[in-house]
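# Structural characterization, general
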Amino acid sequence: MPGGDQELGTYYVGVDVGTGSVRAALVDQRGTLLAFADQPINQWAPQFNHHEQSSEDIWAACCIVTKKVVQGIDLNQIRGLGFDATCSLVVLDKQFRPLPVNHEGDSHRNIIMWLDHRAVSQVHRINETKHSVLQYVGGVMSVEMQAPKLLWLKENLRETCWDKAGHFFDLPDFLSWKATGVTARSLCSLVCKWTYSAEKGWDDSFWKMVGLEDLVADNYSKIGNQVLPPGTSLGNGLTPEAAKDLGLPAGIAVAASLIDAHAGGLGVIGADVRGHGLACEGQPVTSRLAIICGTSSCHMGISKNPIFVPGVWGPYFSAMVPGFWLNEGGQSVTGKLIDHMVQGHAAFPELQAKATARCQSIYAYLNSHLDLIKKAQPVGFLTVDLHVWPDFHGNRSPLADLTLKGMVTGLKLSQDLDDLAILYLATVQAIAFGTRLIIEAMESAGHSISTLFLCGGLGKNPLFVQMHADITGGNGKNEQSWESCVS
Ligand SMILES: Nc1ncnc2c1ncn2[C@@H]1O[C@H](COP(=O)(O)OP(=O)(O)O)[C@@H](O)[C@H]1O
Ligand SMILES: O=C(CO)[C@H](O)[C@H](O)COP(=O)(O)O
């Protein structure tokens, strides 16, 4: 519950929609966290590489967590509300009702999630055009972006979805519309996922060349023709209907939103580091790399001038920090990969039972188990003959190859808890080596990075943070996990 100088203060509510859950935070005017709540959200995978969610389910979760964090405070002291969310594609009809994005015709499932890889053929054809907008996504468009998904809907669900669609939103923009009734899109979403240029706007020739010329109609009304910088106050603020849903006063300011990784990046990249002995102290903010590590990891580096890094998304102007260019490296599955490896192992039930008996998370238990079995050696040496290639869901950066698959070498016949712990360690190390490859690609292209700032669910894992420090060349002092970030 909030405390301290609450009578004097004002409050702000931030809602963060990740892949697996929705989180709300109540903060005061200094940004101090006063209350926090989270709520899981549903995902459907009706077939391989298809991942769907429901905008109604997500909105309901936003309402639950928001009501929880404002319990017991004077609602009249709340000054503003902001959303961030994954860059998933929400589809609504002309009356703003959900439309199905699946062959089953289930309109409850009206979101194609960011990690959905159904549009493989579509993204190949888009990349074959070699259109100039592709220069601003690392040279190769990802199957996780919106244009290939839109083309998939047009080619596969013409009657049930495409022809009826009135509005295609990035999830962060859907949430700000739901709260305010304003259909303006955030510059963050449109630049990073939809090929919009902060300087030149939409490029008609791209949409025409890829077979989505219908979206150019009515001045791009279906995908956004009013574009605002993140943080801009929207319309007349919170509508009475949304206010009732969320348990907040009508009319409070609602900000144009951000993609979740960008909110996390913005939250940590400008941190005050004085007194921590970090290499970036007194150096420009461009020497920092924010890594937002949840289901996926996103590597956010900024620069004064555009830097073109092959296989790394961007450069995106003003999409995260106003006035700066952003490069966004990424690994499509990191937390999800660790969970997959651990939960799929034969010794997982034993791990769960032992962790529960000690009231620990499975990861805290595994970390202490590794400490136990490493004996006098550094923990990293436990994997001298076990190696993982982490691209189980393709490689987002820097290889930009969605066809890559995962690999494990050095397997033995035993399947006990020691094996599980070592496989977990090798997976974490493989992810950290992936980060190192991304940093090397960014540095070869002109970035100069001295300090990593980690946040997100994996930031709670000291082994994950330490392996990133060791493997990217730090000494464990120059990297720090900033858990205050809500992403
Ligand atoms: N206490 C913890 N210790 C270690 N890892 C954790 C812990 N809690 C969550 N994680 C990891 O973080 C990941 C989820 O991070 P989160 O930021 O919540 O994801 P998202 O924003 O994508 O929903 C999980 O996949 C899990 O691997
Ligand atoms: O593509 C992304 C940002 O550009 C993110 O990977 C995506 O939004 C999922 O984020 P998270 O792993 O935090 O759920």
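My aim in this report is to walk through the structure given alongside it, one point at a time. Each residue is numbered by its place in its chain's sequence as written, counting from 1. Whichever chain is written first is A, and whichever ligand is written first is 1; the rest continue in order. Per-residue local features are limited, in this predicted model, to residues with pLDDT of at least 70; the limit for side-chain atom pairs, both in listing and counting, is 80 or more; totals at the level of whole chains, interfaces and linings are taken over all residues. As a rule here, side-chain values cover all heavy atoms of the structure and leave hydrogens and water aside.

## A short note on the packing of aromatic side chains
Centres within 6.5 Å are what make two rings of Phe, Tyr or Trp a pair, Trp counting through its six-membered ring; a difference in plane orientation under 30 degrees is then read as stacked, over 60 as edge-to-face, and the rest as tilted. Within the structure shown, the criterion is met by 13 aromatic pairs. Aromatic pair Phe206 and Trp207: ring centres 5.2 Å apart, planes at 75 degrees, arrangement edge-to-face. Taken together, the ring pairs connect Tyr196, Trp202, Phe206, Trp207 and Tyr220 into an aromatic cluster. When the ring centre of Trp152 is taken as origin, the NZ or CZ atom of Arg118, which lies over that ring, is 4.5 Å away. Counted as over-ring charges are cases with an Arg CZ or a Lys NZ within 6 Å of the ring centre that also lie within 35 degrees of the ring normal.

## Describing the site of ligand 1
What makes a residue near a molecule or strand is one non-hydrogen atom of that residue sitting within 4 Å of it. Of all residues adjacent to ligand 1, which total 17 residues, the nearest are Gly20, Arg23, Thr295, Asp339 and Gly457. Pairs of N or O atoms within 3.5 Å make up the polar contacts considered here, provided that, within protein, one atom can donate a hydrogen while the other can accept it, and that residues adjacent in sequence are counted only when both atoms are side-chain atoms. Residue Thr295 places a side-chain N or O atom 2.5 Å away from an oxygen atom belonging to ligand 1. In this structure, an oxygen atom belonging to ligand 1 sits 2.8 Å away from a main-chain N or O atom of Gly457. In short, Shrake-Rupley with a 1.4 Å probe defines the accessible areas, and a residue's cover is counted only from the protein chains shown. Isolated, ligand 1 exposes 580 Å² of accessible area, and the fraction of that covered by the protein chains is 79%. Secondary structure is summarised from DSSP: a helix means a run of H or I of at least four residues, a strand means a run of E of at least two, and numbering begins at the N terminus for each. When residues of the shell around ligand 1 are traced back to their parent elements, those giving at least two are β2 (21–28) and α10 (335–343). The greatest single-element share of the shell around ligand 1, amounting to 3 residues, is contributed by α10. Charged means Asp, Glu, Lys or Arg here, nonpolar means Ala, Val, Leu, Ile, Met, Phe, Trp, Tyr, Cys or Pro, and polar covers whatever is left, Gly included. Split by residue class, the shell around ligand 1 holds 2 nonpolar, 11 polar and 4 charged.

## Points about the site of ligand 2
Among the 15 residues in the neighbourhood of ligand 2, the closest are listed as Thr19, Lys193, Asp260, Ser296 and Glu328. Contacts to ligand 2 include Ser296, whose side-chain N or O atom sits 2.6 Å from an oxygen atom. At 3.2 Å, a side-chain N or O of Arg396 approaches an oxygen atom of ligand 2. Here ligand 2 has 380 Å² of accessible area as a free molecule, and 97% of this is covered by the chains. The dominant element in the shell around ligand 2, judged by the number of residues it contributes, is helix α9 (residues 260–269), at 3 residues. Residue composition of the shell around ligand 2, by class: 6 nonpolar, 5 polar and 4 charged.

## Quick notes on helix α3 (residues 146–156)
Exposed residues in this analysis have more than 50% of their type's maximum accessible area, buried residues have under 20%, and partly exposed residues fall in between, with area computed by a 1.4 Å probe over protein chains only. With 9 of its 11 residues buried, α3 lies for the most part within the structure. Of all the residues in α3, the buried ones are Gln146, Ala147, Pro148, Lys149, Leu150, Leu151, Trp152, Leu153 and Lys154. Buried residues belonging to α3 abut β6 (89–93), β7 (111–112), α2 (120–128), β8 (165–170), α5 (187–193) and α6 (204–209). Two residues form a contact once any of their heavy atoms are found within 4.5 Å.

## Notes on the nonpolar core
The term nonpolar core refers to a set of buried residues drawn from Ala, Val, Leu, Ile, Met, Phe, Trp, Tyr and Cys, joined through side-chain atoms within 4.5 Å. Membership of the largest hydrophobic core comes to 68 residues, with the highest contact counts inside it found for Val91, Met141, Leu150, Leu153, Phe168, Trp207 and Tyr316. Apart from the residues within four sequence positions on either side, Leu153 is in contact with Leu89, Val91, Val101, Ile112, Arg158, Cys161, Trp162 and Phe168. By size, the runner-up hydrophobic cluster in this structure holds 50 residues, among which are Cys293, Ala355, Leu386 and Ala430.

## A look at a nonpolar patch on the surface
A contiguous nonpolar surface patch, about 360 Å² in accessible area, is contributed by Trp389, Leu399, Met407 and Leu437. One can find Leu399 in the loop between β17 (387–389) and β18 (407–409). Overall, Leu399 belongs to the partly exposed group, its relative accessible area being 46%. Grouping into patches uses exposed residues only, defined as over 30% relative accessible area, and leaves out salt-bridged ones; the cut-off is 9 Å for like charges and 5 Å for nonpolar side chains (Val, Leu, Ile, Met, Phe, Trp, Tyr). The rule for a salt bridge is simple: a side-chain nitrogen of Lys or Arg has to be within 4 Å of a carboxyl oxygen of Asp or Glu.

## Focus on the packing of α10 against helix α12 (residues 362–373)
To get an axis, a line is fitted to the C-alpha atoms, and for a helix only the part in contact is used. The angle between two axes follows their N-to-C directions and goes from 0 to 180 degrees. Direction vectors running N to C along α10 and α12 enclose 70 degrees, while the axes themselves pass 12 Å from each other. Our classification of the angle between α10 and α12 gives roughly perpendicular. Where α10 abuts α12, its residues Ile338, Asp339 and Val342 lie against Ile362, Tyr363 and Leu366. Taken together, the residues that form the contact of α10 with α12 break down as 5 nonpolar, no polar and 1 charged. For classification purposes, angles smaller than 35 degrees are called roughly parallel, those larger than 145 roughly antiparallel, those between 65 and 115 roughly perpendicular, and all remaining angles oblique.

## Let's talk about unusual backbone geometry
With an omega of 0 degrees, the peptide bond running from Gly314 to Pro315 counts as cis. For Pro315, the location among the structural elements is in strand β15 (residues 313–317). A cis amide bond links Ser397 with the next residue in sequence, Pro398, at an omega value of -5 degrees. Of note, Asn49 is a non-glycine position whose phi angle comes to about 70 degrees, a positive value. Residue position: Asn49 is located in the loop between β3 (33–40) and β4 (52–53). The phi torsion at Lys375 lies on the positive side, around 55 degrees, for a residue other than glycine. Within the secondary structure layout, Lys375 lies in the loop between α12 and β17. Note on Lys375: relative accessible area 69%, which makes it exposed.

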